[in-house]
Amino acid sequence: MDYTKDLSIVISLYNEEESLPELVQWIEGVMKKEGYTYEIIMVNDGSTDASWKIIKELSRKNPCIRGISFRRNYGKSAALYHGFAAAEGRVVVTMDADLQDSPEEIPEMYRMITDGGYDIVSGWKKKRHDNKLTKNLPSKLYNWTARKITGIKLHDMNCGLKAYHNEVVKNIEVYGEMHRYIPYLAKNAGFDKITEKPVHHQKRKYGKSKFGLNRFVNGFLDLISLWFLSRFGKKPMHFFGFTGILMFLLGGFLTIWIIAEKLIQQGNGLAYRPVTDQPLFYLALVAIIIGFQMFLTGFLGELVSRNSQERNHYNIREEF
């Protein structure tokens, strides 16, 4: 495939008016030094300050700057989705607008994609300049969990500085808050040549962080959802049906055992406890009902999956 540019640099931003001129100047210096053809796609995610006005002023000075502005704040995933759709470069780089990501890292990441043959190069903020209690420790726990669930050996999956081959971003869909797991989305789409590069992390120069501790809770829930969809998205009966049958059989076995035990004791003239006086009997009935409901859930999931327009969507590497 022919690409019109070497690089597309996608920047999602929200209320970063102070940092934008300095960031663009920094990127321009690196691009000029390396001789790349490039574009800077700045996605204004509903900023309430003068960010969009500054982007338009910068684009008049540099035609390589393209802008997309949302009417309201939709989140980073929505911004990256539109940025990826607009990208025309052979390599697509994402970075934050807060000057914590260094454009000086881009040339080496570009070479790792073009010469090293990687699909994704993820930045690793090996030495962070964030608050250890509110960011560093939760980040380490989050990344450890992500490595265990996804099987991708990245130390910093949520790092905003990443480089992708264009084919990757055109074959994945970033939605909700799944921007944290783009490497996992790419892996599920068949792009498994993923590596990382230690990158320089700088202290925030202007403004304040837009992320709170709730992102780690939401991130974990999103990870579980993504794992489940990747495993059972097109075969829900394999999970719900199997689990439902196990619970139904367990509940049925316990019910029969309790009734049989009562009949045997009654037949032998022994003291017995009425079935309805035993808590285990009601637990068995609950297991039967839940098992039946889970089986029906799997059946309905299969009906939805079979009628989905994406049911036969597969990524083809080559064809002749």
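Residues numbered from 1 in each chain as written. Predicted model: local features only at pLDDT ≥ 70, side-chain atom pairs only at ≥ 80, totals over all residues. Heavy atoms only, no water.

Colleague: I'd like a rundown of the overall build of the protein, residues and numbers included.
Modeller: Counting its regular elements, the protein contains 10 helices and seven strands. Buried residues in the protein amount to 44% of all 320 residues. Taking contacts inside the protein between residues at least 6 apart in sequence as the whole, the part at least 24 apart equals 80%. Summing over all exposed atoms, the protein offers an accessible surface of approximately 18000 Å²; the carbon and sulfur share of this is 57%. (Helix = DSSP H or I, 4+ residues; strand = E, 2+ residues; numbered from the N terminus. Buried < 20%, exposed > 50% of the residue type's maximum accessible area, 1.4 Å probe, protein only. Contact = heavy atoms within 4.5 Å. Areas by Shrake-Rupley, 256 points an atom, 1.4 Å probe, with all protein chains shown as cover.)

Colleague: Please provide a residue-by-residue account of the packing of helix H1 (residues 20-34) against helix H2 (residues 51-61), values included.
Modeller: Where H1 contacts H2, the two axes come as close as 10 Å, and the packing angle between them is 35°. In the crossing of H1 with H2, the sense of the turn from one axis to the other is right-handed. Across the interface between the two elements, Leu20, Pro21 and Val24 from H1 touch Ser51, Ile54, Ile55 and Leu58 from H2. (Axes fitted to C-alpha atoms, helices over the stretch in contact; angles between N-to-C directions. Left-handed = near helix turned anticlockwise from the far one by under 90°.)

Colleague: Before we move on, can you summarise the sheet that holds strand S6 (residues 162-165) with the specific residues and values?
Modeller: An order of S3-S2-S1-S4-S6-S5-S7 is seen for the seven strands of this open sheet, with the pairing classed as mixed. Edge strands, defined here as strands with exactly one partner in the open sheet, are strand S3 (65-69) and strand S7 (194-198). When the angles between neighbouring strand axes are averaged without regard to direction, this sheet yields 20°. Strand direction decides the pairing type here: strand S5 (residues 120-124) and S6, joined by three bridges, are antiparallel. Bridge pairing links serine 122 to lysine 162 in S6. (Pairing = 2+ DSSP bridges.)

Colleague: A description of the pattern of salt bridges should follow, citing residues and the corresponding values.
Modeller: Using the criterion set out here, one finds six salt bridges in the structure. The partner of aspartate 96 in a salt bridge is lysine 76, with the nearest N and O atoms 2.9 Å apart. One end of the pair, aspartate 96, is in strand S4 (residues 89-96); the other, lysine 76, is in helix H3 (residues 76-86), with 20 residues separating them in the sequence. Per residue, the accessibility class of aspartate 96 equals that of lysine 76, and both read buried. Note that glutamate 108 and arginine 111 form a salt bridge whose closest N and O atoms lie 3.6 Å from each other. Of this pair, glutamate 108 and arginine 111 both sit in helix H4 (residues 106-114), three residues apart, which is roughly one turn of the helix. Judged by relative accessible area, which is 34%, arginine 111 ranks as partly exposed. By sharing partners, the salt bridges in this structure join Glu34, Glu108 and Arg111 into a single network. (Salt bridge = Lys/Arg side-chain N within 4 Å of Asp/Glu carboxyl O.)

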